[in-house]
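Coordinate analysis (summary)
The chain contents come next:
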Amino acid sequence: MTDTLLPNGIKDSGGDSAYFRKGCNPFAQTGRSKLQNKRASLNQQIIKQMRMRAGAENLLKATSNNKVKEMVLLELSYVNSNLQLLMGQLEGLNSSVEVYQNTQETANIPLIALGLKETKEVDFSTPFKDFILEHYSEDGKSFEDEIADLMDLRQACRTPSRNEAGVELLAKYYSHLPLIESRFFSPTHQTGIFFTWYDSFTGVPVCQQNLSLEKASILFNMAALYSQIGTRSDRQTISGLEEAISSFQKAAGILNHLKETFTHTPSYDMSPAMLSMLIRMMLAQAQECLFEKTALPGIRNQFYSLMKMAQEAAKVSEIYDQVHQSMIQTPIKDNVPLFWSTMSQVKANHYRSMAHYFVASALLDHQLSPSDDEDQQEKTLSQVYDRLPEGRSPLDILKKKDERERIGKAHIRRAILGHEEALRIYSLCHNLTELEVLQDILKASHQRSLNKFSEHENEEEFTDYMEAPDIISKTEHKAEMEVPATTKGPLSVFSAKQRWTAPRTIQLRPQDRDLGFTLKGESPVQVVSLDPLCPAAADGLKEGDYIVTVGDTECKWMGVSEVMRLLKDVDEEGIEIQVVSMMDTNPPMPTKSATFCGNLPKTYSMICLAYDDDDKNPKSRKVTKKSSFLSWGLKNKLKSASTLSLPTADHSGTLPWNKPCPTFPSSSSYNDSALY
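Residues numbered from 1 in each chain as written. Predicted model: local features only at pLDDT ≥ 70, side-chain atom pairs only at ≥ 80, totals over all residues. Heavy atoms only, no water.

Attention shifts here to the overall build of the protein. A tally of helices and strands in the protein yields 17 helices and eleven strands. The buried share among the 676 residues of the protein stands at 52%. If you take every contact in the protein between residues at least 6 apart in sequence, the share linking residues at least 24 apart comes to 77%. (Helix = DSSP H or I, 4+ residues; strand = E, 2+ residues; numbered from the N terminus. Buried < 20%, exposed > 50% of the residue type's maximum accessible area, 1.4 Å probe, protein only. Contact = heavy atoms within 4.5 Å.)

What follows is the structure, given as structure tokens:
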């Protein structure tokens, strides 16, 4: 199964000039793409039923005819039943984890991946061209190629491939959004562009006119894509586990960035409570992969190694228990798939039982011998328990064979009971029972604990009902979020926040090689110290004007030295320049953007844009082939100052997103038999 199948034998060269953009293939026939197509179809059916329900509810309020009311109530019950069925199908899609797993993986517990949010197509062409003409006094038709390229990029982001190229594609579009916002989305002018995204859990559409929803949804899809990369990784190899760990940590980091940056997103799947739960789940899966990485070379069958692995397993169990607790809280439990909460509960019991099994093996199979370090074993055992049975000390347990066996058997009984509870919970979820590999792992673990108990069972002994103490969770390598580097600089001078006059033509004629003014600033340059009696002032030049052309040369991107070089050799006949003036306006607070949320009883409004004092400090830019300021950022190889820096395929490792995962001590050189 691959994400890069092309129709009709077309080959993808991997570049932007290929049949499809790099990182995207809308015709890939994979299990994941088919699942996403089903999600899109369900979203359309859900919005249709919600419109029908809204119409019926409005009719019910408007009519006083009892017969009509009865018919409407009947229709409402029918529509609500259809909605419940569609929501159930959407939950089933979110529970389909098999299509995201590695195809060769048969010995690991499946992991959960997030599905991509679906969106509608957006046409930037007409609104942007109109705005260019109205606001910047330039012909919008001359930028048709750039606008089309932007629309193609957004369309490609709807079907990203499940690899780093797909993440780069989303990051590339996301980096364009602040530039688009600063140049086309004015706080006092509505563009008429609506961005519609569907909730990944409920299928409810949310529509906004500003870019906040667009930015948040792209970030969510980047996190979802990283989670899919993590679940696809080959967890039978160290490199595959490292890829999975890094991917889940990046997913958690992006979700946390989304939670902190976009605090009022009206889509429920991006609400603070839901994002907090998703962050915990991603970190729990990263911690699970860290445990698997430690256990992959084999666990040394000795006291210290077994105790260490017991605490590592207890840590995984503890995190999954926290995930399950967050999933069953209101209102998250109403929208999270039952499969997810059941899976987290199963894993919490499974890894807790493994922890008790490891402690039992350490106590039952490794008696204290004269050659052992008694003090070290006592210290190790005391760090495993938060509390000991009354009247017992770690040294008593280690030295007294009966006590050691008694507590060891208590641990193995707790392991057996925990595995049985995991199997019981597993059987209660229909979607979970379809995962045969999970059932096989749970049964094998249960049987292993039973075998350990039977090895040390003595029929002549009385039944001991002592309960084993809890195991303190501890890990040497904690899963942590890999946070993106989010740097924000000043916006460019030419933006939608400013209002400009149309370009004016000024004839410059030097007097005694003096033009009558000086220039300042980086690109673009500004006229200062204007002599009111000079010919340029008489021709209409004003203090504070920005020079946009000198003769036939565009100079919006030029600094002072470059513009002065153009004006240096002006003869007596003079030269024409074009300037623009910033209109002195005091715009009101940004208008609120209407939000449509699938006819839900509650809607949200958000501020379109925020003011920033840094807007007054433009930075220098290099000259590009396209001279217009509208290409400032869209085609510029340099990052604009308003661009948020997100993870990219920087193989140099300089970005925090590309930090290598911590290495683990290998135990492959040990000759002792492995338990796991």
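Glycine aside, negative phi is the norm for most residues, and most peptide bonds take the trans geometry. Here the residue pair Thr330 and Pro331 is connected by a cis peptide bond, since its omega of 0° sits within 30 degrees of zero. Mapping Pro331 onto the fold places it in the loop between helix 9 (303-327) and helix 10 (338-365). One non-glycine residue, Ser137, lies in the positive phi region at around 60°. Relative to the helices and strands, Ser137 resides in the loop between helix 3 (125-136) and helix 4 (144-156). Accessibility expressed as a relative area gives 30% for Ser137, which makes it partly exposed. Phi angles above zero are rare outside glycine, and Ser529 is one such case at about 50°.

The next point concerns the confidence of the model for the protein. Of the residues in the protein, 74% have a pLDDT of 70 or more, and the chain-wide mean is 76. Segment residues 1-19 is flagged for pLDDT under 50; beyond a separation of four residues in sequence, or across chains, it makes 32 contacts in the model. (pLDDT = per-residue confidence, 0-100.)

With the rule as written, the count across this model stands at 16 salt bridges. Between Lys293 and Glu242 there is a salt bridge whose closest N-O contact spans 3.0 Å. Of the two residues, Lys293 is situated in helix 8 (residues 272-295) and Glu242 in helix 7 (residues 238-261); the sequence distance between them amounts to 51 residues. Linked by salt bridges that have partners in common, Asp365, Lys452 and Glu455 make up one network. (Salt bridge = Lys/Arg side-chain N within 4 Å of Asp/Glu carboxyl O.)

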